[in-house]
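Residue-level listing of the chains:
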Amino acid sequence: MTCGPTPSCWRPLETFLARDGSWARTAQALHLHVNTVHYRIGRIEHFTGRDLSRLYDRLDLWAALLCRTESA
């Protein structure tokens, strides 16, 4: 999974953050297996250089998601 500016790439991150970092609730909302969610979030962490177990990194990414435009 390569992450670019496509909305489908960032949907797992948005869902994960909106569900307070709950792997199970994210998997349920996205209709995915929890291991798939772990993999996708891991790829996003790798791509962004952030660690989503850290509050400051979560806040940075949440702010970035809120600031992006719909055309991106």
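Residues numbered from 1 in each chain as written. Predicted model: local features only at pLDDT ≥ 70, side-chain atom pairs only at ≥ 80, totals over all residues. Heavy atoms only, no water.

Re the nonpolar core
Part 1 of the reasoning: Membership of the largest hydrophobic core is limited to 12 residues, which are C9, W10, L13, F16, L17, A27, V37, I41, I44, L52, L61 and L65.
Part 2 of the reasoning: When contributions to this core are tallied by element, the ones reaching two or more residues are α1 (7-18), α3 (34-48) and α4 (55-67).
Part 3 of the reasoning: Broken down by element, the residue count for this core peaks at five residues, all from α1. (Core = buried A, V, L, I, M, F, W, Y, C linked by side-chain atoms within 4.5 Å. Buried < 20%, exposed > 50% of the residue type's maximum accessible area, 1.4 Å probe, protein only. Helix = DSSP H or I, 4+ residues; strand = E, 2+ residues; numbered from the N terminus.)

Things to note about unusual backbone geometry
Part 1 of the reasoning: One non-glycine residue, D20, adopts positive backbone phi at about 55 degrees.
Part 2 of the reasoning: Turning to its location among the elements, D20 is positioned in the loop between α1 and α2 (23-30).
Part 3 of the reasoning: A positive phi angle, near 60 degrees, is found at H31, a position not held by glycine.
Part 4 of the reasoning: Inspection of the secondary structure assignment puts H31 in the loop between α2 and α3.
Part 5 of the reasoning: Residue H31 is classed as exposed on the basis of its relative accessible area, which comes to 72%.

Quick word on the environment of T26
Part 1 of the reasoning: Inspection of the secondary structure assignment puts T26 in helix α2.
Part 2 of the reasoning: Along the primary structure T26 and T15 are separated by 11 residues, whereas in three dimensions their C-alpha atoms are 5.9 Å apart.
Part 3 of the reasoning: Beyond its immediate chain neighbours, meaning those up to four positions away, T26 contacts P12, T15, F16, R19 and V37.
Part 4 of the reasoning: Reaching out from T26, the side chain makes a polar contact with the backbone oxygen of S22 at a distance of 2.6 Å. (Contact = heavy atoms within 4.5 Å. Polar contact = N/O pair within 3.5 Å; in protein donor to acceptor, adjacent residues only side chain to side chain.)

Let's talk about the packing of α2 against α3
A packed helix pair is summarised by two numbers, namely the angle formed by the two axes and the spacing between the axes.
Part 1 of the reasoning: One way to put it is that α2 packs onto α3 with a least axis distance of 8 Å and a crossing angle of 100 degrees. Considered as vectors, α2 and α3 are oriented roughly perpendicular to each other. Residue-level inspection shows W23, A24, T26 and A27 of α2 in contact with α3, the latter providing V34, V37, H38 and I41.
Part 2 of the reasoning: In the contact of α2 with α3, the residues fall into six nonpolar, two polar and no charged. (Axes fitted to C-alpha atoms, helices over the stretch in contact; angles between N-to-C directions. Parallel < 35°, antiparallel > 145°, perpendicular 65-115°, else oblique. Nonpolar A, V, L, I, M, F, W, Y, C, P; charged D, E, K, R; others polar.)

Regarding a nonpolar patch on the surface
Part 1 of the reasoning: On the surface, L55, Y56 and L59 cluster together to form a nonpolar patch covering roughly 370 Å² of accessible area.
Part 2 of the reasoning: Structurally, L55 can be placed in helix α4. (Patch = residues over 30% accessible without salt bridge, like charges linked within 9 Å, V, L, I, M, F, W, Y side chains within 5 Å. Areas by Shrake-Rupley, 256 points an atom, 1.4 Å probe, with all protein chains shown as cover. Salt bridge = Lys/Arg side-chain N within 4 Å of Asp/Glu carboxyl O.)

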